[in-house]
Amino acid sequence: MVTEPRFRLTTKDHAILQAMLEQHRGPHGPFVQLLDHKVRASAIAFRDDIPPGVVTLDSRVTYRVDGVLAGPHVLVRSDGPDLPDHALSIHTIRGLALLGLSERGEVVVDLGDGVTEALRVEAVLWQPEAEARKRQGVRGAAAAADAGTVVSFRPRTAPAMPGRPGPEDDDPGPRAA
């Protein structure tokens, strides 16, 4: 039986998580297990193809922790005690767990020693990928894309140029010789 990954990551977010996993030196606890699962089992999409309701790095999100509303927080790559109160680092188990979840998506996180925490994304209030598409005036194909798409190869048309075939013309003609 094949199951679809519940997390969707941009290629950039996936690369960051993969680097974090490769650089990890220490015990193989719940954080590393979740990190390893995200690197191996997440659906990966180009930034233009990630749906607007998915939590990506630098997204502003509200969520619930065991039913209690939290946020809004901005999911950040940075780590350390000097982060502002509105920032949530992916170097924390909660931040890592939210990365790649869709709105209304839920995950139960193992905190170790038999303790768990249920997280549910309430809303993605702002997402950099969706904002970039809006600024470019490009409608993202991801909104209509199948949730199971790992990598989308949506057609991208170039403007017609003199002497070159248009998008409907697949015959290379004498130029191919």
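The coordinates are above.
Residues numbered from 1 in each chain as written. Predicted model: local features only at pLDDT ≥ 70, side-chain atom pairs only at ≥ 80, totals over all residues. Heavy atoms only, no water.

Draft legend 1. Just the pattern of salt bridges, in detail. Inspection of the entire model under this criterion finds 6 salt bridges. Salt-bridge contacts for R64 lead to E122; the nearest nitrogen and oxygen are separated by 3.3 Å. Residue R64 is found in strand 3 (residues 60-65), and its partner E122 is found in strand 7 (residues 115-126); the two are separated by 58 residues along the sequence. On the basis of relative accessibility, which here comes to 26%, the residue E122 falls in the partly exposed class. We note a salt bridge from R120 to E106, for which the minimum N-O separation is 3.0 Å. (Salt bridge = Lys/Arg side-chain N within 4 Å of Asp/Glu carboxyl O. Helix = DSSP H or I, 4+ residues; strand = E, 2+ residues; numbered from the N terminus. Buried < 20%, exposed > 50% of the residue type's maximum accessible area, 1.4 Å probe, protein only.)

Draft legend 2. Region of the structure containing helix 4 (residues 128-136). Inspection of helix 4 places P128, E129, A130, A132 and R133 among the buried residues, and these make up the whole buried set. On the buried face of helix 4, the contacting elements are strand 1 (8-10) and strand 7. At the C-terminal side of helix 4, G137 shows a positive phi close to 75 degrees. (Contact = heavy atoms within 4.5 Å.)

Draft legend 3. Structural context of the sheet that holds strand 5 (residues 87-89). Overall, mixed pairing links the 5 strands, which are arranged 5-4-3-7-6 in an open sheet. The sheet terminates laterally at strand 5 and strand 6 (106-112), the two strands that pair on one side only. Between one strand axis and the next, the sheet turns through 45 degrees on average, direction left out of account. As defined by bridge partners, strand 4 (residues 68-76) adjoins strand 5 across 3 bridges and the pair is classed as parallel. Opposite V76, over in strand 5, you have S89 as the bridge partner. (Pairing = 2+ DSSP bridges. Axes fitted to C-alpha atoms, helices over the stretch in contact; angles between N-to-C directions.)

Draft legend 4. Seen up close, unusual backbone geometry. At the junction of G71 and P72, the peptide bond is cis and its omega measures out at 10 degrees in the coordinates. With respect to the helices and strands, the residue P72 is situated in strand 4. For D113, which is not a glycine, the phi torsion comes out positive at approximately 55 degrees. By the secondary structure assignment, D113 is in the loop between strand 6 and strand 7.

Draft legend 5. Quick look at the side chain of S42. Within the secondary structure layout, S42 lies in the loop between helix 2 (30-41) and strand 2 (43-45). The class of S42 is buried, set by a relative accessible area of 8%. At a separation of 2.7 Å, a polar atom in the side chain of S42 contacts the main-chain carbonyl oxygen of K38. (Polar contact = N/O pair within 3.5 Å; in protein donor to acceptor, adjacent residues only side chain to side chain.)

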